[in-house]
Amino acid sequence: MRVTQGCFSFLPDLTDEQIAAQVQYCLDKGWAVNIEFTDDPHPRNTYWDMWGLPMFDLRDAAGIMKELADCRRVYGDRYIRISGFDSSHGWESVRLSFIVNRPREEPGFRLDRQEAAGRNLHYSTHAYAAGRPEGERYSDH
Amino acid sequence: MTQAQEQIKEQIRETPPATIDLRHEFADLGIGDVLDQLDSELIGLKPVKTRIREIASLLLVERIRQKMALATTFPTLHMSFTGNPGTGKTTVALRMAGILHKLGFVRRGHVISVTRDDLVGQYIGHTAPKTKEILKKAMGGVLFIDEAYYLYRPENERDYGQEAIEILLQVMEQQREDLVVILAGYGDRMEKFFQSNPGFRSRIAHHIDFPDYSDAELLWIAELMLQQQNYRFSPEAREAFTRYIGIRKAQPLFSNARSIRNALDRIRLRQANRIVAKLDRTLTADDVMSIEAGDVLASRVFTKGGGGTGEGR
């Protein structure tokens, strides 16, 4: 099951040229661009690991594309996303975030139903991949 | 990809044109404007202007080759500026970014100006991230390393400068189209630096030596500086300043345009002092703009002696 998170996730995966164009858009707006990665695909997992430091004061996408290439070399079997952080007053938050790399196979999610008091049902989603220890979740595909 | 590039690609796909109007191409790129601006704003510096002219011509030819569907390669544009103090190395480097941007060699045209401190770290493992961060900032523009010879400290074999040099070299080689590196420094020390880092010398295509200015050029520079600050020499003051240049040049620690700028700053001080000395009068704009011979002649350079070693004669 293809994970759809952030911008452009219903489009086919972006090419490097398209990613560079989006990154340049962020830089032209004055946002700091970050690269993050994870192997826990749960939609509520907001704490992704950061690749290096946030990249402030860049002017051109080439530097970020270089970092992305480095990140892919190490964590090419995981999800990688690029986010643009707007530090201007009143925003101070992520303005744009999109996935730039995903595992070759995404096993998807199991839906658990828990019967509670009365006839209530509690639902939870459980990523099949998350059943394995961190770091090994997508490695053998 | 810009629209212009798109159009070029379209043309190639159709049929490469057999002939191309050179003048039209020249006007199209705006090379003429860039070169004219350079000629009018920078005085002297013949070798520098020649080299920029060559680079501009190369761009023009590359564009035409592209249109004719001939193979093109991105030229190496890393440069090294050597010369005595005050010959305009930094000024030209800062301007070079704008020129390369206009000519389409760099995408953004900003300059990141750094020295050793910005590239080399304090402890093990500090240098690589520091250098890489600077390189990332410089992508799409020009990285200007002033006094580059400080990067290499042969007397200390544990110096982290070598690490910064290796990272720099790697990026200079692999990402030639992403950034242009300009090294600057005094001639003799840069020579030593290149001797101990032969990799650097071979990766830099343009070694440009900045010559010292002649007396006439220095006077010209002085007048341009004054004009920019809305001052001017009276005819006698100009004559005095010509003599000043001749004497100052022969003295030790002369640093070309920088010495001229400092001299002008001191002359302005003396002019202000002269004006304020007589309070009971009305001033015109002309009074506060003009620099008199007395302002120049009060300089210590004249009293120290008429040239030569700086000792009284």
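Cut-offs used in this document
- For every chain, the first residue of the written sequence is number 1, and numbering continues from 1 onward in sequence order.
- Chains carry letters from A onward and ligands carry numbers from 1 onward, assigned in written order.
- Reporting of local features is limited, given that this is a predicted model, to residues whose pLDDT is at least 70; pairs of side-chain atoms are given and counted only at 80 or more, and all residues count toward the totals for whole chains, interfaces and linings.
- This entry defines residue contacts through backbone-placed C-beta atoms, with two residues in contact when those atoms are within 7 Å.
- Gly counts as polar in this scheme, as do all residues outside two lists: the nonpolar Ala, Val, Leu, Ile, Met, Phe, Trp, Tyr, Cys and Pro, and the charged Asp, Glu, Lys and Arg.
- Each residue is classed by its C-beta neighbour count within 10 Å, where at least 20 other C-beta atoms makes it buried, 12 or fewer makes it exposed, and intermediate counts make it partly exposed; the C-beta atoms are placed from backbone geometry.
- Think of it this way: any DSSP run of H or I at least four residues long counts as a helix, any run of E at least two long counts as a strand, and we number them from the N terminus.
- Strands were regarded as paired on the criterion that DSSP finds at least two bridges between them.
- For helices, the fitted line uses only the C-alpha atoms of the stretch in contact; every axis is such a line through C-alpha atoms, and the angle between N-to-C directions lies from 0 to 180 degrees.
- When an angle is under 35 degrees it counts as roughly parallel; over 145 it counts as roughly antiparallel; between 65 and 115 it counts as roughly perpendicular; any other value is oblique.

## Quick notes on the interface of chain A and chain B
So, step 1. Contacts between chain A and chain B engage seven residues on the former and ten residues on the latter.
So, step 2. Tallied by class, the residues present in the side of chain A that touches chain B amount to three nonpolar, one polar and three charged.

## With respect to the pairing of strand S5 (residues 109–115) of chain A
Residue and element names in this part refer to chain A.
So, step 1. Here S5 lies mainly on the outside; zero of its seven residues are buried.
So, step 2. Note that S5 and strand S6 (residues 121–127) share seven bridges and pair antiparallel. Note that in S6 the partner of Asp112 across the bridge is Ser124.

## Focus: the packing of helix H3 (residues 31–41) of chain B against helix H4 (residues 46–67) of chain B
Residues and elements named next belong to chain B.
So, step 1. Relative to each other, H3 and H4 sit at 175°, their axes nearing to 11 Å. In terms of their interaxial angle, H3 and H4 are classed as roughly antiparallel. Across the interface between the two elements, Ile31, Val34, Leu35, Leu38 and Asp39 from H3 touch Lys49, Ile52, Arg53, Ala56 and Leu60 from H4.
So, step 2. Here the residues of the contact of H3 with H4 sort into seven nonpolar, no polar and three charged.

## Re the sheet that holds strand S2 (residues 111–114) of chain B
All names here are of chain B.
So, step 1. Reading across the sheet, the five strands line up as S2-S3-S4-S1-S5 and stay open at both edges, with parallel pairing between neighbours. The strands lining the two open edges of the sheet, one partner per strand, are S2 and strand S5 (206–210). Averaged over all pairs of adjacent strands, the angle between their axes in this sheet comes to 20°, without regard to strand direction.
So, step 2. Judged from the four bridges that link them, strand S1 (residues 79–83) and strand S4 (residues 180–185) form a sheet pairing that is parallel. Note on S4: the bridge partner recorded for Phe81 is Ala184.

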